[in-house]
Amino acid sequence: MNIIEIKNLKKYYGKARGIEDVSFEVKEGEIFGFIGPNGAGKSTTIRLLLGLIFPTSGSATIFGKDCIKYGPEIRKDIGYLPSEIFYYDKMKVKSLLKYSASFYSGDHSERISELSKIMELDLDRRIQDLSYGNKKKVGIVQGLLHKPKLIILDEPTSGLDPLMQQKFFDYIAEENKRGATVLFSSHILSEVQQLCDRVAIIKEGKIIKLESMKTIREETYKKITIRGEKLKKSVFNISGTSEIEIHKDELKFFYRGNINKITKIIGSQEISDVLIEEPTLEEIFLHYYK
Amino acid sequence: MNIYIFELKTYLKSALLWSAAISAFIFMVMSFYPGMMSDAELMDQVLASFPEEFLKAFGMAGAISISSVVGFFAFAFVFVQLLLAMQSANYGIGVLSVEERELTADFLMTRPISRTRIILSKFLAVMTALTITNLFVWLSSIGGILIFNNGNEYSFKTISLILSANILFQLYFVSIGMIISVLVKKIRSVLSFSMALSFGMYAIFTIGEVLDTVNLGVISPFYHYDPSYISLHGKYNLMMTLLSCVIIAVCFGLSYILYRNRNIHTV
Amino acid sequence: MNIYFRELKSNLKSLFIWSACLSALFTIWIMEFSAFHGNPELTRILDSVPQAMLKVFSMHTLNLSTLSGFIVLVMQYVIILLGIHAVLLGSSILAKEERGRTAEFLYSLPVKRNKVVFHKMLAGITICVLLLAVSISVVVINSMQYEPNAFFFEAIKDTAAAVFIVQMIFFSIGIFISSIMKRYKKSGSYAVGVFIGAYIISVLIGFSEKLEFLKYATPFKYFEPVLIINEGRFESIYVIISVCIIAFCFIGTYILYPRRDLNI
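Residues numbered from 1 in each chain as written. Chains lettered and ligands numbered in written order. Predicted model: local features only at pLDDT ≥ 70, side-chain atom pairs only at ≥ 80, totals over all residues.

(A) Fine view of the overall build of chain C. Each helix and strand in chain C was counted, giving eleven helices and zero strands. Secondary structure of chain C in N-to-C order comes out as α-α-α-α-α-α-α-α-α-α-α. Residues classed as buried in chain C amount to 43% of the 264 residues present. Sequence-distant contacts in chain C: of pairs separated by 6 or more residues, those separated by 24 or more amount to 77%. (Helix = DSSP H or I, 4+ residues; strand = E, 2+ residues; numbered from the N terminus. Buried ≥ 20, exposed ≤ 12 C-beta atoms within 10 Å, placed from the backbone. Contact = placed C-beta atoms within 7 Å.)

In structure tokens, the structure reads:
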């Protein structure tokens, strides 16, 4: 079943473009990545889903219900982790968490302490006195304390140290295993690489690619770097190689195709070193970003 | 309910401060009554010799003799209203806009609640805070009169009528404040608006009083709930009160509709 | 100088809105004066109303049927409204850098902090003067239809000076408060509190002779339009007090603000 269904969603701020024509679905139980350069429309799409802004045209449903009409109802099961956290003046962390929990039925105090422990969050401090990263943690706990079925993350790990980031990802992965669906917006491709099942790339308000991570990896090339004294470009110029570069004793290129063909050629040369890598998601997407 | 309680807590300290300040002011002013009495008696004698039309032209017809307790109270109460106006305008303009000014909108509006619930809770919280202040105004007004009446008699009914208008007076500023806050894209300084609104209405009234013809004063709640009028006629100015209520209802209704459909943008 | 111009520019919209609203207000008021113009009965009434009552509104010695008399009333409120504008401007002109988070940018530039303060002060004063100019122009233009005499223009000239001094008093108090308060968010409230307090004191003075001594505490009593227009004088003691307040606040700001920890 589709948890999120977005059809031809459009948002214009007067003449300024928010998003142009966005359509995609997020299936139950998957971790869906949403990537794009700054200003592409990631935040706009998310804010439309949450009912913070209203669409110019098109529709968006969550759990089968329209986001605007049934907003309050569907938000009962959504956890939203915003990119920047601001809270009420002089509030203590625990007061905010209690206040947030009061919007969701049931007693969440255990969850709050559990999550705070994992995230190493000091409940007694004033939010305004916390560092950016710690404020982020408040956002994370606040978004997850009610065991939401859909978790929407907007640049969630910016500001967290690598250890905390890893803890956070592990936690999200666990929640996902327990059945939560995750929509993950980011421009840090390594995160997306680590967590997501499927990925949508948005640029200038339009979705330009929608693919599963597996396919993306398979469809892409290997990055090969060879070191040797007498290397020549022409030797490696077979079908499937591209962007051959040679600099001093180092030859680099991308290759897609039958791996045997290229290894034979490499084997036929006198080389001192070889490096065969998967391109990073960065390199893949930069290709798409262009 | 949780929003209501939270918002009320936010306004409680301020409401108590205002209550203390306004109460102190009321007591101070009432304490001057005994001293003013003799001066006022003189005025009564002179004014009695003038025909109504002339007094009207100066707005003096509306002034019941200030040598009486009620007359003096009514006369001084305008300033109490000014203070109430500043407080109410401040609350009205600030209560909805605070979420976008302090950037907490992303938190509050992504909770599983409707905008309707947000606006109603906030409105009720603000009105509760203002009613607390109103309570103090009642207490100190009655207290002041009881202590400083100097043996003169007074109509408790008239005093109550004047004081009962407070809630509508406050409502007026709250609803106009709210509609302003929803119409203006980004409010950076609540005080500019609230001070301008409250003092503006006050200024419009006082100058409007002087000019007898129908003037801009009709939009000012100082005019709608003019204590001097009430004390003179023993009842409310029905037309103006009605007008006032209509404005309150329209402003509140519009605020509600506009806030429900408001796009909340990112930081 | 670029800071000065930048500051002027950023206040332009607000200045425009204030000018428009005040112009509309003053125009309507003065237009409504036509009902009173040359009405002799008014004079008689006013003469008989005892001082006590008029004093509260500072309307004693007022002759409303003449243009100059009416203008006194209008100028009362010009002082109040422009005073509000000045105190708000003063309390926010420095604080807004912290509020809008631009303090990080502005104060890490190769500029001495007190230079920034100085230019902002200058810009603030300019804005106040501009608003004053607009207000006075509107008042004068609208009054032309009543054929004002030389006395009227004298009165306007004197009251304009008075308004300017009151603006400066509140502007300087506002900016001084914003420079000494740790929490920039509250500076506006405190500055307005001082303003309201000063106004209430002036009202209370009207109620009781016993409080006459308090008139030194409230700028609204320093230069009452009534006294200035009818008696044409500025009492030197008040001018001295005003200058002292203004100087103290400006110098205080100039020295203290650079030493402040910026709360970003």
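(B) Molecular detail of the overall build of chain A. Scanning chain A from terminus to terminus reveals eleven helices and 14 strands. Summarising its shape, the C-alpha atoms of chain A cover approximately 70 × 45 × 35 Å along the three principal directions. Put simply, of all contacts in chain A between residues at least 6 apart along the chain, 67% involve residues at least 24 apart.

(C) Representation of the interface of chain B and chain A. Each partner contributes to the interface: chain B provides 19 residues, whereas chain A provides 21 residues. Residue classes in the side of chain B that touches chain A are distributed as eight nonpolar, eight polar and three charged. (Nonpolar A, V, L, I, M, F, W, Y, C, P; charged D, E, K, R; others polar.)

(D) Just the environment of leucine 130 of chain C, in detail. Residues and elements named next belong to chain C. Tracing the sequence through the fold places leucine 130 in helix α7 (residues 113-143). Residue leucine 130 is classed as partly exposed on the basis of its 16 C-beta neighbours within 10 Å. As a C-alpha pair, leucine 130 and leucine 15 span 115 residues in sequence and 8.4 Å in three-dimensional space.

(E) Seen up close, the nonpolar core. In terms of nonpolar packing, the biggest core is built from 143 residues, with Phe73, Val80 and Val126 of chain B together with Val74, Leu81, Ile84 and Val87 of chain C touching the most fellow members. Counting residues per element, this core draws most heavily on helix α4 (residues 69-101) of chain B, which supplies 22 residues. Excluding residues within four positions of it along the chain, valine 126 of chain B makes contact with Tyr11, Tyr91, Val95 and Val174 of chain B. In this structure, Val141, Leu153, Leu183 and Val192 of chain A belong to the second largest nonpolar core, which totals 60 residues. (Core = buried A, V, L, I, M, F, W, Y, C linked by C-beta atoms within 7 Å.)

(F) Just the environment of lysine 149 of chain A, in detail. Residues and elements named next belong to chain A. Topologically, lysine 149 is positioned in the loop between α5 (132-144) and β7 (150-154). Taking C-alpha positions, lysine 149 is 9.8 Å from arginine 75, a pair spaced 74 residues apart along the chain. Excluding anything up to four places from it in sequence, lysine 149 contacts Asp77, Ala180 and Thr181.

(G) Up close: the pairing of strand β4 (residues 57-62) of chain A. All names here are of chain A. Inspection of the sheet shows strand β1 (residues 2-13) paired to β4 by five bridges, in the antiparallel sense. Bridging from a neighbouring strand, lysine 7 pairs with serine 59 of β4. With two bridges joining them, β4 and strand β5 (residues 65-66) adopt antiparallel strand pairing. Residue pairing in the sheet places isoleucine 62 in a bridge with lysine 65 of β5. (Pairing = 2+ DSSP bridges.)

(H) Examining the sheet that holds strand β11 (residues 222-227) of chain A more closely. All names here are of chain A. Spatially, four strands are ordered β12-β13-β11-β14 in an open sheet, and the strand pairing comes out antiparallel. Two strands in the sheet have a free side with no partner beyond their single neighbour: β12 (241-247) and β14 (273-277). Here the average twist between neighbouring strands, direction ignored, is 10°. (Axes fitted to C-alpha atoms, helices over the stretch in contact; angles between N-to-C directions.)

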